[in-house]
Amino acid sequence: MAKSKNIKKEKSFRKIKRNNSWISILFFTLAIGLLVVLSLAFVEFLFSYAVDTKASGEYESIKYMARLYNSNADIEEAEKYKLLNEEGREYFIIDKNGEEIYSFGRNTCSDTGKTVFLGISDENVIAYKDTEIGYVYPTNNNALYLDYKSFIKKEFKMDEDGVFIGTREEGDKTIDYDRINNLETLDDMEYVSEINDIVSNKLPVWLSVDMGDKTLIAKAYIKLSANDLALFMIMGIVMSFLVIILFIIVVSNVISGFVRQRRITNFFFTDHVTKSHNWMWFKVKSEQVLRKTSNAKNKYAMLNLVFVKYRTFCLCHSVEEGEEVLRKVSNHILSRLNKKELCAHTTNSNFALLLKYTDADDLDARIKTLIGELEQIDTEHKFAFQVGINKIDILKDDNGKILRRKKIDIDSEYNNACAARATFEGSEDSGIAYFDNKLVEEQKWIDAVQEKQQQALDNEEFQVYYQPKYDPRTNELRGAEALIRWQSPEYGFVSPGRIIPIFEKNGFITEIDHYMIKHVAKDQKAWLDKGLKCVPVSVNVSRAHFIESDLAEQIRDMIDEEGAPHDLIEIELTESAFFDDKNAMINTIERLKSYGFSVSMDDFGSGYSSLNSLKDMPLDVLKLDAEFFRGDNDNDRGEIVVTEAIKLAKSLNMRTVAEGVEIKEQVDFLAEQGCDMIQGYYFAKPMPKDEYEQRMGN
Ligand code: C2E
Ligand code: CA
Ligand code: CA
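All of these numbers come straight from a predicted model, not from anything done at the bench.

Draft legend 1. Fine view of the coordination of the calcium ion (ligand 3). Within the first shell, the calcium ion (ligand 3) binds the protein through Asp602 (OD), Asp603 (OD), Glu659 (OE) and Glu659 (OE), at distances of 2.2 to 2.5 Å. We note that the donor set of the calcium ion (ligand 3) lies within a single chain, spaced as D-D-x55-E. In this model, the calcium ion (ligand 3) sits 3.9 Å from the calcium ion (ligand 2), the two metals being bridged by Asp602. Pair noted here: Asp602 is in strand E21 (residues 598–604) and Glu659 is in strand E23 (residues 655–659), with a separation of 57 residues, a long-range link. Relative accessible area serves as the criterion here: at 4%, Asp602 is assigned to the buried category. Owing to a relative accessible area of 11%, Glu659 belongs among the buried residues under this scheme.

Draft legend 2. Layout of the site of ligand 1. In the vicinity of ligand 1 lie 22 residues, with Gln467, Glu481, Arg485, Glu662 and Tyr681 positioned nearest. Between ligand 1 and the protein, one listed contact pairs an oxygen atom with a side-chain N or O atom of Asn540 at 3.3 Å. Contacts to ligand 1 include Glu662, whose side-chain N or O atom sits 2.5 Å from a nitrogen atom. Here ligand 1, which alone exposes 790 Å², has 79% of that area covered by the protein. For the shell around ligand 1, the secondary structure elements donating two or more residues are strand E17 (477–488), helix H15 (509–530) and E21. With four residues, E17 is the single largest residue contributor to the shell around ligand 1. Across the shell around ligand 1, the residue classes break down as nine nonpolar, five polar and eight charged.

Draft legend 3. Broad picture of the coordination of the calcium ion (ligand 2). At this site the calcium ion (ligand 2) is bound by Glu481 (OE), Asn540 (OD1), Glu572 (OE) and Asp602 (OD), with donor distances of 2.2 to 2.3 Å. Positions of the donor residues of the calcium ion (ligand 2) along the chain correspond to the pattern E-x58-N-x31-E-x29-D.

Draft legend 4. Spotlight on unusual backbone geometry. We note that Asn142 has phi near 65°; this positive angle belongs to a residue other than glycine. Note that Asn142 resides in the loop between strand E5 (136–138) and strand E6 (144–146). For Asn142, a relative accessible area of 36% corresponds to the partly exposed category. Despite not being glycine, Asp603 has its phi angle at roughly 55°, a positive value. Tracing the backbone through its elements, the reader meets Asp603 in strand E21. Judged by relative accessible area, which is 22%, Asp603 ranks as partly exposed.

Draft legend 5. View of the sheet that holds strand E14 (residues 385–391). On the basis of which strands lie adjacent, the open sheet formed by five strands has the order E12-E13-E11-E14-E15 and mixed pairing. Every interior strand has two partners, whereas the edge strands, strand E12 (342–345) and strand E15 (431–434), have only one. Pairwise comparison of adjacent strand axes, ignoring direction, gives a mean angle of 20° for this sheet. With eight bridges joining them, strand E11 (residues 299–307) and strand E13 (residues 350–357) adopt antiparallel strand pairing. Opposite Ala301, over in E13, you have Leu355 as the bridge partner. The strands that helix H8 (residues 279–291) touches are E11, E12 and E13; relative to E12, the one it contacts most, it runs at about 160°.

Draft legend 6. Fine view of the packing of H8 against helix H12 (residues 410–422). Where H8 contacts H12, the axes come no closer than 10 Å and their chain directions differ by 105°. If you check the angle between H8 and H12, you find them roughly perpendicular. Contact residues: Trp279, Lys283, Ser286, Glu287 and Leu290 in H8; Ile410, Asp411 and Tyr414 in H12. Within the contact of H8 with H12, the residues separate by chemical class into four nonpolar, one polar and three charged.

Draft legend 7. A look at the environment of Lys593. Its place among the elements puts Lys593 in helix H18 (residues 582–594). Judged by its relative accessible area of 32%, Lys593 falls in the partly exposed class. When the C-alpha positions of Lys593 and His566 are compared, they lie 9.5 Å apart, and in sequence the two are 27 residues distant. Within the structure, Lys593 has its side chain in polar contact with the backbone oxygen of Pro618 (distance 2.8 Å). Only 3.5 Å separates the side chain of Lys593 from the side chain of Asp620, close enough to count as a polar contact.

Draft legend 8. Main features of the pairing of E21. Counting buried positions over the seven residues of E21 gives six, a clear majority of the element. Summarising the sheet, strand E20 (residues 569–574) and E21 pair through five bridges and their orientation is parallel. When the bridges of E21 are listed, Leu573 appears paired with Met601. With three bridges connecting them, E21 and strand E22 (residues 621–624) associate as parallel partners. Each bridged residue has a counterpart across the sheet, and for Ser600 the counterpart in E22 is Val621.

Draft legend 9. Examining the sheet that holds strand E1 (residues 91–94) more closely. Strand order in the open sheet made by the six strands is E2-E1-E10-E9-E4-E3, with antiparallel pairing throughout. Two strands bound the open sheet, and with one partner strand each, they are strand E2 (100–104) and strand E3 (109–118). With direction set aside, neighbouring strand axes in the sheet form an average angle of 30°. In terms of strand pairing, strand E9 (residues 201–211) meets strand E10 (residues 214–224) through eleven bridges, oriented antiparallel. Within E10, the position partnered with Lys202 by the bridge is Lys223. Packed on one face of the sheet, helix H3 (residues 77–85) meets E1, E2 and E10 and runs near 145° to E1.

Draft legend 10. Structural context of the packing of helix H20 (residues 636–651) against helix H21 (residues 664–673). Where H20 contacts H21, the two axes come as close as 10 Å, and the packing angle between them is 40°. Considering the angle they form, H20 stands oblique to H21. Judged by the sense of rotation from one axis to the other, the crossing of H20 with H21 is right-handed. From H20, Glu639, Val642, Thr643 and Ile646 reach across to H21, where they touch Phe669, Leu670 and Gln673. For the contact of H20 with H21, the per-class residue count stands at four nonpolar, two polar and one charged.

Rules used throughout
- Residues numbered from 1 in each chain as written.
- Chains lettered and ligands numbered in written order.
- Predicted model: local features only at pLDDT ≥ 70, side-chain atom pairs only at ≥ 80, totals over all residues.
- Heavy atoms only, no water.
- Donors = N, O, S within 2.8 Å, 3.2 Å for Na, K, Ca; no water.
- Helix = DSSP H or I, 4+ residues; strand = E, 2+ residues; numbered from the N terminus.
- Buried < 20%, exposed > 50% of the residue type's maximum accessible area, 1.4 Å probe, protein only.
- Near = heavy atom within 4 Å.
- Polar contact = N/O pair within 3.5 Å; in protein donor to acceptor, adjacent residues only side chain to side chain.
- Areas by Shrake-Rupley, 256 points an atom, 1.4 Å probe, with all protein chains shown as cover.
- Nonpolar A, V, L, I, M, F, W, Y, C, P; charged D, E, K, R; others polar.
- Pairing = 2+ DSSP bridges.
- Axes fitted to C-alpha atoms, helices over the stretch in contact; angles between N-to-C directions.
- Contact = heavy atoms within 4.5 Å.
- Parallel < 35°, antiparallel > 145°, perpendicular 65-115°, else oblique.
- Left-handed = near helix turned anticlockwise from the far one by under 90°.

In structure tokens:
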């Protein structure tokens, strides 16, 4: 399903990339060509139609002569000829053998005749070319043809474009061709009619009529008058005008098509917040750029750059102001790009960049500089930017030759950059993170855990481990902390560091907290019933859980359900669990205490506002973070801090637990300072329930 969607998306991208205007240009060019051919054919047709009309008229007259001859069968031959001669037409009559019997006028008929079809008369007629003025003649395709081009060229004076020019004397009249060429007024038209007969050119062709045993062949005249010529010219002008108009329409259509295409493409590729490019554009362009990479010097990296706290900025100011900052950021990045580098605004406060680099350190320095500049892009605020970098692999063959990429999955390359950037999740500071395959493994692990968490809980795959807390002076067991372990059928033994952060993010941690509290209460109850000497066991409660207003009651009810006494349960809160509503927190702590539970502050000293929290929270136990006991053991300053922290706790009426204590010197020192308990590998590691049970006294 997702795949087919992707294919569809790909297809539409390719469509945009392919500019279809060339096809329409080709199509329109063909259309214009066709029109020119059609108009030439039309002019040709006009001429042949005119010739056909005139020839048919003449043919009717010749037929009349034939009828005249036949209808006077009873008079003498010589008399018949006299009658025919009165028609004034040159003709001759031949017998069956082709012998001339009689002729009138000059016989300039050529020998060979061809059958032509006269459309107007609807008859097939044998026609002969005139030997003297042979502009009209029968053609092979069964028609009468007027070779008007030769006729015009020869008979008229023309300029280079074939237009009649100047004047011609004809009898007592002067024919002004310039005036015929530029017909403008009615007077001009009248002038054409006036000289019509004078300018007429009679183009002869011989037509024959069958008269039984004889054949009459007479000279027919295709009379071309000035009117005809003017008509042809007007038709020619109209046709060229039409072609020009069509040409203009077509050209403007193509241009507007181009413009429209560009506009659509621009719209499609424009980010409307920054007015620069968007993700679609970036995808198309980066694919083009990357596909051309053929040089090992020019490596490319894809970046995901995020303006941190954009939403908060919009909340405090306005969305318009937020978008204004995005625009500035976009413009600034664009101003820092080199040739063949790209930047686009993708979503919310995310930008995608494609940068060229030769040296990884240079790239790192360049991005740091860019972040530095962007942080100060606004004089009134200091912003933070996080960048995820995915260096794109160069493909090489076995001989080390660089291969051109055929297909590049831009989505996943960018996603890798985003995944690198996502490692900052939760942080609001600027930074750079690089993508590597560990991240993919990490994400796979997160997905697997999320998928299995509920099932693991239902199947009781989570186990409670107990880490004892000892009195450093007497070495007596004084308490324990319950710590989770996952005994997965698939992954084996999994430590909390690999699952708790995932549960904290996805909220499943509240289920885990319930699970742990219930199991600890159940265990305590069982040990009590066995007659063992139980000590308080502390359980970690996360921030997500602590925010719930009835948390104290939830815990009380869960423990009561199992039947464990409240003084055997302690609730550990880490600094990060402290949230903004101090009064609500104090209220929850007080209620927990009122039900008889102890409440401890975990990891004291690892955060930065521990002292502040201590001031306000009515806590029972202070757990000194393991960090105090790491590294340099002869650190006077460290010892002073621990000593003072213990003193402080005592004066606040709090018990102290030192975590992560591994060596005897530390134990002795802590005993000396009056630390109440030690939870560390020196005494014991976290252990399964049964092992812990062994450590409890009767
Ligand atoms: P934490 O609450 O600070 O737990 C103490 C961690 O320090 C435990 O790690 C423990 O094994 C370790 N530790 C104790 N003594 C020593 C020592 O001497 N040396 C060293 N190197 N480490 C020592 P663990 O069990 O891996 O737990 C890690 C963290 O996971 C815990 O830190 C806690 O924040 C969280 N966690 C564990 N179980 C739970 C749980 O049930 N619920 C919640 N919400 N968080 C839990
Ligand atoms: Ca803890
Ligand atoms: Ca701790």
